[in-house]
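Listed below are the residues making up each chain.
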Amino acid sequence: MPQSEPPHPQQPNSGDRHRPADRRRQHAGDSERVEGSADAALPLTPSEDRRWATLSHFGGLMGCVPSLIIYLVFRDRGPFTAQESKEALNFTLPLTVVMLVCYVLALIPAIGWIFGLVAVFLWVVMTISGLVAGIECNKGRPYRYRMNLRLIH
């Protein structure tokens, strides 16, 4: 009975270059097990929690979108981020809506400049308030805006 030769490593062909995981499985055999990621995300460390809370306030420069994204993504991962991103979202959401309405009304020929000035004034107020809140948050102190509707509980 002829002896079988040990298997030779295959020369990679053009299709193997694009599939390195397949080659790894061939060489590793059955000892490698592929696992998926965990269902729940890991909680934030205290420094990450403070960082994302700070960024949610600094995002007021761009309206309510950054604080909304941070709130939706990180609210279950860090208590400080949940609290501060909700505060920032409650502050920036109404102002962003009013600014967008003012920008549309600024297209009116005779009186549009008034709405344009109001929109710029609201943006400056939102930006300065967000910077002050972000600085306080970065120090680890919770921040409450003086006038806030608190629409999201």
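Source: prediction; values computed, not measured.

Q: Is there a simple way to explain the packing of helix 2 (residues 46-58) against helix 5 (residues 112-138) in this structure?
A: Each pair of packed helices gets described by two things: the angle between the helix axes and the distance between those axes. One can describe the packing of helix 2 onto helix 5 by two numbers: an axis separation of 7 Å at closest approach and a directional angle of 170 degrees. Comparing their axes, helix 5 and helix 2 come out roughly antiparallel. Residues R50, A53, T54, H57 and F58 of helix 2 pack against G130, L131, A133, G134, I135, C137 and N138 of helix 5. Residues of the contact of helix 2 with helix 5, tallied by class, amount to 6 nonpolar, 5 polar and 1 charged.

Q: Looking at this structure, how should I read the nonpolar core?
A: Generally speaking, a soluble globular protein has its nonpolar side chains buried in company with each other. Counting 9 residues, the largest nonpolar core is built from A88, F91, L95, M99, L122, M126, A133, Y143 and Y145. For this core, the secondary structure elements donating two or more residues are helix 4 (79-105) and helix 5. Those residues in contact with M99 that sit more than four places away from it in its chain are A119, L122, W123 and M126.

Q: Explanation requested: unusual backbone geometry in the structure shown.
A: Leaving glycine out, the prevailing phi sign among residues is negative, and the prevailing peptide bond configuration is trans. Of note in the backbone geometry, R150 takes a positive phi value of approximately 50 degrees without being a glycine. Mapped onto the elements, R150 comes out in the segment after helix 5. For R150, a relative accessible area of 23% translates into the label partly exposed.

Q: So what exactly am I meant to see when it comes to the packing of aromatic side chains here?
A: Each aromatic ring pair is specified by the distance between its two centres and by the angle formed by the two planes. Here the structure, examined in full by the defined rule, presents 3 aromatic pairs. Judged by centre distance (4.3 Å) and plane angle (25 degrees), the rings of W52 and F74 are stacked. Taken together, the residues span a long stretch of sequence, with W52 in helix 2 and F74 in helix 3 (residues 65-74) at a distance of 22 residues. Residue classification places F74 among the buried residues on the basis of a relative accessible area of 11%. A centroid spacing of 5.2 Å and a plane angle of 85 degrees characterise the contact between Y143 and Y145, whose relative ring orientation is edge-to-face. Of the two residues, Y143 and Y145, neither departs from the other in class, the shared state being buried. Each residue in the set F91, Y143 and Y145 is aromatic and connected to the rest through ring pairs, giving one cluster.

Q: Looking at this structure, I do not really get the packing of helix 3 against helix 4. What am I missing?
A: Two numbers describe how helix 3 lies on helix 4: the axes approach to 8 Å, and their chain directions differ by 150 degrees. Taken together, the axes of helix 3 and helix 4 lie roughly antiparallel to each other. Here helix 3 and helix 4 pass one another in a crossing that is left-handed. Residues S67, L68, I70, Y71 and F74 of helix 3 lie in contact with helix 4, whose contacting residues are T81, A82, S85, K86, A88, L89 and T92. Its residues placed into classes, the contact of helix 3 with helix 4 shows 7 nonpolar, 4 polar and 1 charged.

About the thresholds
- Per-chain numbering applies: the sequence of each chain, read as written, is numbered from 1 onward.
- Confidence filtering applies because this is a predicted model: local features only for residues at pLDDT of at least 70, side-chain atom pairs given and counted only at 80 or more, and all residues used for totals across whole chains, interfaces and linings.
- Note that water and hydrogens are dropped before the side-chain values are worked out from all heavy atoms of the structure.
- Orientation is described by lines fitted to C-alpha atoms, with helices fitted over the stretch in contact, and by angles between N-to-C directions that extend from 0 to 180 degrees.
- In this description a helix means any DSSP run of H or I spanning at least four residues, a strand means any run of E spanning at least two, and both kinds are numbered starting from the N terminus.
- Angular relationships are summarised with four words: roughly parallel below 35 degrees, roughly antiparallel beyond 145, roughly perpendicular across 65 to 115, and oblique for the angles in between.
- Whether two residues are in contact is decided by their heavy atoms: any pair within 4.5 Å suffices.
- Under the grouping applied here, Gly and all other residues not named as nonpolar or charged are polar, the nonpolar ones being Ala, Val, Leu, Ile, Met, Phe, Trp, Tyr, Cys and Pro and the charged ones Asp, Glu, Lys and Arg.
- Residues belong to a common nonpolar core when they are buried Ala, Val, Leu, Ile, Met, Phe, Trp, Tyr or Cys residues joined through side-chain atoms within 4.5 Å.
- Three labels apply to residues, based on accessible area from a 1.4 Å probe with only protein chains included: buried if under 20% of the type maximum, exposed if over 50%, partly exposed otherwise in between.
- Only centres within 6.5 Å qualify two rings of Phe, Tyr or Trp (six-membered ring in Trp) as a pair; their planes then separate them into stacked at under 30 degrees, edge-to-face at over 60, and tilted for everything else.
- A crossing counts as left-handed when the near helix is turned anticlockwise from the far one by less than a right angle, and as right-handed when that turn is clockwise.

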